[in-house]
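Working through the structure, step by step
Residue strings, one per chain:
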Amino acid sequence: MCGIVGYIGENPERNLLYKLRLLEYRGYDSAGIAVSRGTSGAPSENNPLAVTKRAGELKNLENAVAQAGVTAGARLGIGHTRWATHGKPDATNAHPHVSSDGKWAVVHNGIIENHCELKRFLQNEGYSFYSETDTETIAKLLEYFEKRGFAPLQAIKRACDVLQGSFALAVLHENDDAIYFAKNKSPLYLAFSKRSNKKTATVQQADADAEAEGDLFIASDVVCFNDFAEEYYALPDKTYGFATAEKAEFYDGTGEIRLSSEKINAKSLCLRNNYAHYMLKEIYDTKNAIKEETDYFKTHLTRENYPLLFQPRAFKKIILTGCGTAYHAALTGARIIEEKCGADCEVYVGSEFYNAGYKLNKHALVVLISQSGETADTLAALTFAKEKGAATLAMINAEHSTLAKAADMALPVNAGAEIAVASTKAYSCQLVALYALAQTFQAAERQLPRPDLSGADELVKRLSYGDEEELRSFATLFGEGKKLFFIGRGTDYFTALEASLKIKETSYINADVYYAGELKHGFLALVDENAYVTAFATQKDTFLKTLSNAKEAQARGAKIILFTTASQEETKPYENSFFRILRVPKTDDALQSVQNVLPWQLIAYFLSVSKGLNPDKPRNLAKSVTVE
Ligand code: G6P
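Given the structure is predicted, the values throughout are model-derived calculations rather than measurements.

**Some points on the nonpolar core**
Core analysis: the biggest nonpolar cluster contains 88 residues, and L309, I318, L320, I337 and L365 have the highest contact counts within it. The biggest single contributor to this core is helix α12 (residues 425-445), with 13 residues.

**Comments concerning the site of the ligand**
Taken together, 14 residues form the shell around the ligand, and within it S370, Q371, S372, T375 and A622 come nearest. The contact in question runs from an oxygen atom of the ligand to an N or O atom on the side chain of S370, over 2.6 Å. Residue T375 places a side-chain N or O atom 2.4 Å away from an oxygen atom belonging to the ligand. Calculation on the ligand without its partners gives an accessible area of 390 Å², and the protein chains cover 89% of this total. Classifying every residue of the shell around the ligand gives five nonpolar, seven polar and two charged.

**Here's the deal with the sheet that holds strand β15 (residues 262-263)**
Reading across from one edge, β3-β2-β4-β1-β10-β9-β11-β15 is the order of the eight strands in this open sheet, with antiparallel pairing throughout. With one partner strand each, in any of the chains shown, β3 (50-55) and β15 form the two edges of the open sheet. With two bridges joining them, strand β11 (residues 231-234) and β15 adopt antiparallel strand pairing. Pairing of Y232 across the sheet is with E262, part of β15. Seen against the sheet, helix α1 (residues 12-23) touches β1 (3-8), β2 (30-36), β4 (76-82) and β10 (216-219) and runs at an angle of roughly 150 degrees to β1. Helix α2 (residues 58-68) contacts β2 and β3 of the sheet and is inclined by roughly 140 degrees relative to β3.

**Comments concerning the pairing of strand β17 (residues 345-349)**
With five bridges connecting them, strand β16 (residues 317-322) and β17 associate as parallel partners. When the bridges of β17 are listed, L320 appears paired with V347. In the classification by handedness, the crossover that spans β16, the intervening helix α9 (residues 325-341) and the parallel β17 is right-handed.

**Remarks on the packing of helix α3 (residues 115-124) against helix α4 (residues 135-147)**
One way to put it is that α3 packs onto α4 with a least axis distance of 10 Å and a crossing angle of 45 degrees. Here α4 runs oblique to α3, going by the angle between their axes. Crossing of α3 against α4: the hand is left-handed. For the pair α3 and α4, contact is made by H115, L118, K119, F121 and L122 and by T137, K140, L141 and Y144, respectively. Residue classes in the contact of α3 with α4 are distributed as five nonpolar, two polar and two charged.

**Focus: helix α5 (residues 152-162)**
Among all positions in α5, only P152, L153, A155, I156, A159 and C160 are buried. Take α5 and look down its axis: the buried residues cluster within an arc of 160 degrees, on one side only. On its buried face, α5 is in contact with β6 (104-112), α4, β7 (165-173), β8 (179-184), β12 (239-243) and β13 (248-252).

**Observations concerning the environment of G490**
Structurally, G490 can be placed in the loop between β21 (483-488) and α15 (491-507). Between the alpha carbons of G490 and Q539 there is a distance of 8.6 Å; along the sequence they are 49 residues apart. When neighbours within four sequence positions are excluded, G490 is seen to be in contact with R335 and Q539.

**Examining the state of the cysteines**
Considering all chains together, one arrives at zero disulfides under this definition. C116 carries a free sulfur, and the closest cysteine sulfur to it, the one in C2, is 17 Å from it. By relative accessible area, C116 is classed as partly exposed at 46%. Considering cysteine sulfurs only, C2 is the nearest to C160, which forms no disulfide, with 18 Å between them. Residue class for C160 comes out buried when judged on its relative accessible area of 17%.

**Details of the packing of aromatic side chains**
In the structure shown here, the tally under the stated rule is 31 aromatic pairs. Relative to F579, the ring of Y532 lies with its centre 5.8 Å away and its plane at 20 degrees, an arrangement referred to as stacked. A residue pair is termed long-range when its members are at least 10 positions apart, and Y532 in strand β23 (residues 531-537) and F579 in the loop between α17 (568-571) and β25 (580-583) qualify at 47 residues. Taking the relative accessible area as the measure of exposure, Y532 reaches 3% and is therefore buried. For F579, a relative accessible area of 36% translates into the label partly exposed. In this structure an aromatic cluster arises from ring pairing among F474, F478, F486, F536, F563 and W600.

**Some words on the pattern of salt bridges**
Under the definition given, this model contains 35 salt bridges. When the shortest N-O distance is used, the salt bridge between K405 and E262 registers 2.9 Å. Of this pair, K405 sits in helix α11 (residues 402-406) while E262 sits in strand β15, and the two are 143 residues apart along the sequence. You can call K405 partly exposed: its relative accessible area is 38%. Classification of E262 by relative accessible area gives partly exposed; the value is 30%.

**So, helix α10 (residues 376-387)**
The terminal C-alpha atoms of α10, which comprises twelve residues, lie 16 Å apart, in line with the 16 Å expected from a rise of 1.5 Å per residue. Of the residues making up α10, those classed as buried are A376, D377, T378, L379, A381, L382 and A385. For α10, the secondary structure elements touched by its buried residues are β16, β18 (364-370), β19 (391-396) and α11. Once α10 finishes, G389 follows within two positions and takes phi at roughly 85 degrees, a positive value.

**Quick word on the sheet that holds β17**
Spatially, five strands are ordered β17-β16-β18-β19-β20 in an open sheet, and the strand pairing comes out parallel. Looking at the sheet topology across the chains shown, the edges are occupied by β17 and β20 (409-412). Ignoring strand direction, the axes of neighbouring strands in this sheet form an average angle of 20 degrees. As defined by bridge partners, β18 adjoins β19 across six bridges and the pair is classed as parallel. Looking across to β19, one finds that L368 is bridged to A394.

**Here's the deal with the side chain of H108**
Along the chain, H108 falls in strand β6. Within the structure, H108 has its side chain in polar contact with the backbone oxygen of S166 (distance 3.3 Å). Apart from the residues within four sequence positions on either side, H108 is in contact with C2, I4, H80, H95, D134, T135, I138, S166, F167, A168 and L169.

Thresholds, definitions, all that
- Residues numbered from 1 in each chain as written.
- Predicted model: local features only at pLDDT ≥ 70, side-chain atom pairs only at ≥ 80, totals over all residues.
- Heavy atoms only, no water.
- Core = buried A, V, L, I, M, F, W, Y, C linked by side-chain atoms within 4.5 Å.
- Buried < 20%, exposed > 50% of the residue type's maximum accessible area, 1.4 Å probe, protein only.
- Helix = DSSP H or I, 4+ residues; strand = E, 2+ residues; numbered from the N terminus.
- Near = heavy atom within 4 Å.
- Polar contact = N/O pair within 3.5 Å; in protein donor to acceptor, adjacent residues only side chain to side chain.
- Areas by Shrake-Rupley, 256 points an atom, 1.4 Å probe, with all protein chains shown as cover.
- Nonpolar A, V, L, I, M, F, W, Y, C, P; charged D, E, K, R; others polar.
- Pairing = 2+ DSSP bridges.
- Contact = heavy atoms within 4.5 Å.
- Axes fitted to C-alpha atoms, helices over the stretch in contact; angles between N-to-C directions.
- Right-handed = clockwise from strand over helix to strand, strands pointing away.
- Parallel < 35°, antiparallel > 145°, perpendicular 65-115°, else oblique.
- Left-handed = near helix turned anticlockwise from the far one by under 90°.
- Arc of directions from axis to C-beta.
- Disulfide = S-S within 2.5 Å.
- Phe/Tyr/Trp six-rings, centres within 6.5 Å; stacked < 30°, edge-to-face > 60°.
- Salt bridge = Lys/Arg side-chain N within 4 Å of Asp/Glu carboxyl O.
- Expected span 1.5 Å × (residues − 1).

Structure below.
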């Protein structure tokens, strides 16, 4: 949800654009950069900070920069890719935002909650505003403090003292050789180039100031440093400071602080290769991702690494939480854990987690599931769980994320970088991780040193993506403009929720999802001859009941699509009941949902493409939602 970068080195325009491409998953409503030459002079005498911004995807900014040409001699720059929160997604509201005197340029990720109040104050001081954003307030506030005699770093400190809400900021001040930064709640990282050699020894010393020669990057995500640095600094909340090409200084309320660097795990870069879209590539990555994940769990998910998880009956309650797709994984995971070890589980979406409050104490384990590890609602759930004294386990894909660092324990799902906004392989890996967690609790009961993951090994061998032609034909069917209903029971219902979400996200088509048994309690009124009702019926014990519910809809004119693990032989008696049948292979019960979701991810993808949409960048959405 908004990506920011800062850069010092050769050709900031090119380098910023390159890194912004990696951050575009955080929003693509608009993009912009500001560059300066630092002390050696401004790009233009009258325009100390050269700002270029465009509405829409990054490619619009890239074209604009290509046409305008490189700003000769620029050495510093900041950049932004936006997911609009305050103000429509146009060029005026695009970042960077500048002060009235043009001396400050600011890019921001987060929300300034008291911006209305600050804006009113600044307006009374004579400042006028050109945009609807909260960020412009920050630029004007910095100018306000500077005009009262504060040096740039002190102006940043003063601004941080009055700003309420979440912010990661990268700031240029005209003719300075530094990029200023500040962070509260929104993620911000800093790294020096590995090409620098003179002072690298200082950088590698733990507990040392970041000090190095060469290029510097500041970014919202460590993914920007992969080809550039070996170590990075994660800024804690309520930190501000500045960085030059040589060094960085970090401050908090008490004064200068020292940060230790952390190693970058470079494997997380994801290439699209020959696939038309990241979404398609990522779906087809699933099998390998699960294999790598399972191999990792075999060596790492041990009593030594996670002693708390291996204590029999250590928790009276297990609460799972997440947002969007991760929430759907949590729903399924809770069922698996309950079935495997009889634990008492509950599930909440991150934004409703406070409702779990009275059940939280040191006897509860809270499992926080998140691909990015940066989702604000999930982070808020973590803070709440910790306040109540519960044990916390982050189940994350992004190893360097805030959630991974802040929870008591972290279990990486190892899906590899996921770029498409709609989560696919990360969801499947979350389901496998939840299965592994359930097996761990079972191992704990049985006093075994590690979980039995043979079910996951089998899954990898048998996992089927299905027949593309057949799945395309379903995409065509669902694109016919009929009313879509998905029904199911138990974990089939959760898969239906996820299938529907994929279709909504990537094709903007609604598929209503109901518990099969609930259809008759009101929703049947929506069904007529324009309805396609898909019955998710992959579990033997609920197959017949779900079938009966589907038939109730059929009796009202609906066309029924059966999604099942049943063989031709098994469905023969009901053959005439169905308009179409989509079959999936049977797997271990606890992992069936992993197999089940795959064809739906592909159907959603084909549906999106058939509508001429870009499945990687659904309108109005962002992959990492860093505001509550
Ligand atoms: C956004 C994304 C979804 C994702 C959700 C949770 O809404 O568009 O695809 O499922 O955030 O993200 P997380 O990174 O916490 O799994």
